[in-house]
Every structure is written in structure tokens, then in C-alpha cells.
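Below are the chains, spelled out letter by letter.
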Amino acid sequence: MSLLKVNDLKVHFPIRGGFFKTVVDQVRAVDGISFEIEPGETYGLVGESGCGKTTTGRAIIGLNNITEGEVLFEGTDLAQLSGRKKRAQSRDIQMIFQDPYSSLNVRKRVLDIVAEPLRNYERMSPKEELDKVQALIERVGLGPEAVYKYPHQFSGGQRQRIGIARALTLNPKLIIADEPVSALDVSVQAQVLNFMQDIQKEFNLSYLFISHDLGVVQHLCNRIGIMYKGRLVEEGTADEIYSTPQHLYTKRLISAIPEMDPAKRLEKTHLRQAIDDEYRTDYDNYFDDEGRLFDLKKISDTHSVAML
Ligand SMILES: Nc1ncnc2c1ncn2[C@@H]1O[C@H](COP(=O)(O)OP(=O)(O)OP(=O)(O)O)[C@@H](O)[C@H]1O
Ligand SMILES: [Mg+2]
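Residues numbered from 1 in each chain as written. Chains lettered and ligands numbered in written order. Predicted model: local features only at pLDDT ≥ 70, side-chain atom pairs only at ≥ 80, totals over all residues.

J.: Tell me about the site of ligand 1, residues and numbers included.
T.: The full set of residues close to ligand 1 is Phe13, Val27, Ala29, Ser49, Gly50, Cys51, Gly52, Lys53, Thr54, Thr55, Gln98 and His212. When contributions to the shell around ligand 1 are tallied by element, the ones reaching two or more residues are strand 2 (22-37) and helix 1 (53-60). When residues in the shell around ligand 1 are grouped by element, the largest group, 3 residues, is from helix 1. (Near = placed C-beta within 6 Å. Helix = DSSP H or I, 4+ residues; strand = E, 2+ residues; numbered from the N terminus.)

Here it is in C-alpha cells:
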């Protein structure tokens, strides 16, 4: 059984206007996406700014209302649960938020930030709590004295580690990591990504890894879903996405990854031009008569593309 199964998920936001603030239109932030995550897997959700990645993550943990569709966690629809069962299930999914500067409460000490989920879910003595938080804070690479400091006393990378420690407190099964490194500079990015990989086995974690940058998720993800305008346009193993991308938009994202090898730069420039040309001539072929991106169709057991 999949750990997480997202079934034709739609999240629409009403746009209100006019004197009576009536609903005049909808933002179709997420417009019918389906994917599954297996235990121990890292699934990458990748697409440009505004394509609906954060909205998807927030809908999964219940921070956004679901307009249509369902989210099954270990086979159970979270939206249908209530009371104690909901609490028990929802501790198994934690989220690391996009911006390490605003996602931590600036008025709280690290101890209180990291212990907050524990206080919500478990009864621990102050000593047990302190021990647990200190162990986690050390595991994410900060000194034990860090628990008495405030978020502004840390760098961006350190803050993101505090966010990770907080997400780990309840031993979740799934962590939704929303652009966990995009606010950090490149050298720190690698450290945080490596760290996230290190703890994956140790804590038995699955990740839903959200990013706008295919370059970042390349070595991290088992499978990747490419999101465009609230829809999935391609899904496959990391290898399929990088080696044999099929959808125009996926090809575009790949051609945008900077080439590190100077010998291959010229080749990359040509590739980029070819894809830009294809983009101009073929763009309309990827939409149906109503201007909607096609549904995903399987082209192999693991690879699907939104094409006619
Ligand atoms: N609460 C809301 N009310 C109205 N519109 C919203 C709301 N939240 C998100 N949107 C809209 O939904 C769309 C998708 O937003 P979302 O934050 O999911 O994008 P994203 O893929 O995470 O982008 P980024 O890479 O910039 O973080 C955007 O057009 C956004 O303006
Ligand atoms: Mg986002």
C-alpha cells in the first residue's frame, strides 16, 4: 500500500469582486493532480513559481481546503477523520516550510519551537522534553546551548536545520519539504540536502520534496512529478525525467539547469535554442480544445506524460 495517495486533487480559491464581494471567478491553483508516494521514497514535485506546489503540500496536511479529490494516508482519507484518529494520523505528516526566515516564531526560544509538537501530542516532563530537544538539535548539527537562543541568532541554514528538527520531533513517516533550501546559498544548500538524505534512513522517512529547480532535486529523488499551471504534465523516475523527458515543459526545465562543465556549455546553449524554437511552434499541441493541459498517459510502467 502506498504511504500517500493523492487522487485527482483540486484546490480552487475564490476571487471575489464587486460591491457585494461575490465570487466572480476561481484561481485553479491545483486542478486535478494524482500521485503516490511509497514508504522510504523521495518524490519530487517540481515546477515554476505559482504552479501550485505549496498549495498541494498545504492541502495534504490540511492547511488548505480541498475543493475536490482526496488524500489518502496509509489508505485512510484524512479529511474524513476526526478527533483522536485525526490527531494520531496527522502527527505522521510534518512540513518544513519554504522560508526559514519567517517560518519560525521569532519570539520563541528554539526549545519552545522544537518542543511545540511534543507539547501538543505527548506528555513529557520538562527534563524529558529538554533531553529530547537537545538530542535533536545536536543531530541537526547545532550545539546544545542553541536551545536557549532565539531564531534571529542563527543563519538561514541553521534556521532551516531548526525547522527540520521541529519536523522530526514526533518521528513522522512523511515530511513535506517545501523548497527547504531555496533561500540558502549554494554551499549551504548542499549541506542541508546531504543532511536530509542522512537522516532519511535513520528516521525511516519518506519525503515529498517541493522545488522549482530540477537541478536541486536531481540526486535526491526516486521519482519526480513535473507540475505546470496546477496540473502534472509528466511523471517518471529521476532517470526518465532527466534522460528522456517527453513534455515540452519538462524539456524546458531541464535546459534551464546551468551546465557546470565548460566543455558542454555550447552544446547546452544549442539545446536551449532548439527547445525555445519547439516551444514557439508546438506549445498549443499540449492543450486540449478548452485550453486545458491533457491528462497524464502512461508511456511505460513508470513514465507518464500529458499528451494527446
Ligand atoms: N490563499 C490563497 N488565496 C488565493 N490564491 C492563492 C492562495 N494561495 C495560493 N494562491 C494562488 O495559487 C497559485 C499557486 O500558488 P502556490 O503558492 O501553490 O505556488 P508555488 O508553486 O508554491 O509557487 P512558488 O514556487 O512561488 O512558491 C498562485 O497563483 C497563487 O497566487
Ligand atoms: Mg511555494
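The structure having been displayed, the exposition proceeds.
J.: Summarise helix 3 (residues 110-121); cite the residues concerned and give the values.
T.: Listing the buried residues of helix 3 in full gives Val110, Ile113, Val114 and Ala115. Those residues of helix 3 that are buried are in contact with helix 4 (126-139) and helix 5 (156-168). (Buried ≥ 20, exposed ≤ 12 C-beta atoms within 10 Å, placed from the backbone. Contact = placed C-beta atoms within 7 Å.)

J.: Just give me the short version of the packing of helix 5 against helix 6 (residues 186-202), but keep the residues and values in it.
T.: At a minimum axis separation of 10 Å, helix 5 and helix 6 run at an interaxial angle of 20°. Classed by the angle they form, the pair helix 5 and helix 6 counts as roughly parallel. With respect to the hand of their crossing, helix 5 and helix 6 are arranged in right-handed fashion. Counting all contacts with helix 5, which are made through Gly157, Gln160, Arg161 and Ile164, the residues of helix 6 involved are Val188, Gln191, Val192 and Met196. Taken together, the residues that form the contact of helix 5 with helix 6 break down as 4 nonpolar, 3 polar and 1 charged. (Axes fitted to C-alpha atoms, helices over the stretch in contact; angles between N-to-C directions. Parallel < 35°, antiparallel > 145°, perpendicular 65-115°, else oblique. Left-handed = near helix turned anticlockwise from the far one by under 90°. Nonpolar A, V, L, I, M, F, W, Y, C, P; charged D, E, K, R; others polar.)

J.: Would you mind going over the sheet that holds strand 10 (residues 231-237) in detail, with residue names and values included?
T.: On the basis of which strands lie adjacent, the open sheet formed by 8 strands has the order 6-7-8-3-9-10-12-11 and mixed pairing. The open sheet terminates on both sides in strands that have one partner only, identified here as strand 6 (93-96) and strand 11 (297-298). (Pairing = 2+ DSSP bridges.)

J.: Tell me what's going on with the nonpolar core, and back it up with residues and numbers.
T.: Ranked by size, the top nonpolar core spans 70 residues in total, and within it Val114, Ile137, Leu208 and Ile226 carry the most contacts. In contact with Val114, not counting residues within four places along its chain, are Val133, Leu136, Ile137, Ile162, Ala165, Arg166 and Thr169. (Core = buried A, V, L, I, M, F, W, Y, C linked by C-beta atoms within 7 Å.)

J.: Which residues make up unusual backbone geometry, and what are the values?
T.: Of note in this structure, Lys21 is not a glycine but carries a positive phi near 50°. The residue Lys21 is located in the loop between strand 1 (4-17) and strand 2 in this model. Phi at Asn204 is positive, roughly 60°, even though this residue is not glycine. Mapped onto the fold, Asn204 is located in the loop between helix 6 and strand 8 (206-211). Residue classification places Asn204 among the exposed positions, given that 12 C-beta atoms sit within 10 Å.

J.: How would you summarise helix 4 if you had to cite specific residues and measurements?
T.: With 14 residues, helix 4 extends 20 Å from end C-alpha to end C-alpha; this agrees with the ideal 20 Å at 1.5 Å per step. Buried-residue contacts for helix 4 involve helix 3 and helix 5. The positive-phi residue at the C-terminal boundary of helix 4 is Gly141, with phi of around 95°. (Expected span 1.5 Å × (residues − 1).)

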